[in-house]
Amino acid sequence: MDESILQVGLVALFGAIVLTMYELRASLRPVACPECDHCRARAEADRAEQERLARDYAQRMNLPHDEDGPDRL
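Residues numbered from 1 in each chain as written. Predicted model: local features only at pLDDT ≥ 70, side-chain atom pairs only at ≥ 80, totals over all residues. Heavy atoms only, no water.

Caption draft 1: Fine view of the overall build of the chain. The secondary structure content of the chain amounts to 2 helices and 0 strands. Counting across all 73 residues of the chain, residues that qualify as buried make up 4%. Of the roughly 7000 Å² that the chain leaves accessible, carbon and sulfur atoms contribute 63%. (Helix = DSSP H or I, 4+ residues; strand = E, 2+ residues; numbered from the N terminus. Buried < 20%, exposed > 50% of the residue type's maximum accessible area, 1.4 Å probe, protein only. Areas by Shrake-Rupley, 256 points an atom, 1.4 Å probe, with all protein chains shown as cover.)

In C-alpha cells form, the structure reads like this:
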C-alpha cells in the first residue's frame, strides 16, 4: 500500500514539474497585439515559416501540396 502511494505521489510531482515548465515557457513569450506593426510582422513571419515547413514536408514525403487544401486557414 505504501509503495502505491509513493508512485502516485511521484507521478503527481512529475506532472506538476511538467506543467510548471510549460507555464514558465509560455510566460517568456512576448504579448502579441493586432495593431502593432512589429507584432503583425512577427505573425506574418510565423505564417510564412509554417507554410515553408508544410511545403518542405510535402516534398520530402512525396505528397501533393495543395495551396487551397483543407489545412489552409
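Caption draft 2: Looking closely at helix 1 (residues 2–28). Taking 1.5 Å of rise per residue, the 27 residues of helix 1 would be expected to cover 39 Å, and the 39 Å separating its terminal C-alpha atoms lies within 8% of that figure. Judged by how many residues are buried, helix 1 sits mostly at the surface: 0 of 27 residues are covered. (Expected span 1.5 Å × (residues − 1).)

Caption draft 3: Quick peek at the pattern of salt bridges. Counted under the stated rule, the structure contains 6 salt bridges. Residues Arg47 and Glu44 are paired through a salt bridge, measuring 2.5 Å at the closest nitrogen-oxygen approach. Taken together, the residues span about one helical turn, with Arg47 and Glu44 both in helix 2 (residues 37–60) at a distance of 3 residues. As a salt-bridge pair, Asp56 and Arg52 come within 2.8 Å of each other at their nearest N and O atoms. With Asp56 and Arg52 both in helix 2, this residue pair falls 4 residues apart, about one helical turn. Members of the salt-bridge network, linked through shared partners, are Glu44, Arg47, Glu51 and Arg55. (Salt bridge = Lys/Arg side-chain N within 4 Å of Asp/Glu carboxyl O.)

Caption draft 4: Region of the structure containing unusual backbone geometry. Not every positive phi belongs to a glycine, and Asn62 is a case in point at roughly 55 degrees. Looking at where Asn62 falls in the secondary structure, it is placed in the segment after helix 2.

Caption draft 5: Broad picture of a nonpolar patch on the surface. A cluster of nonpolar side chains, contributed by Leu6, Leu10, Leu13, Ile17 and Met21, occupies part of the molecular surface with about 510 Å² of accessible area. Its place among the elements puts Leu10 in helix 1. (Patch = residues over 30% accessible without salt bridge, like charges linked within 9 Å, V, L, I, M, F, W, Y side chains within 5 Å.)

Caption draft 6: Region of interest: helix 2. For helix 2, spanning 24 residues, the distance from its first C-alpha to its last is 34 Å, which sits close to the expected 34 Å at 1.5 Å a residue. Remark: Asn62 follows helix 2 within two positions and exhibits a positive phi of approximately 55 degrees.

Caption draft 7: Inspection of the state of the cysteines at higher detail. Using the criterion set out here, one finds 0 disulfides in the structure. Cys36 carries a free sulfur, and the closest cysteine sulfur to it, the one in Cys39, is 4.0 Å from it. Classification of Cys39 by relative accessible area gives buried; the value is 9%. (Disulfide = S-S within 2.5 Å.)

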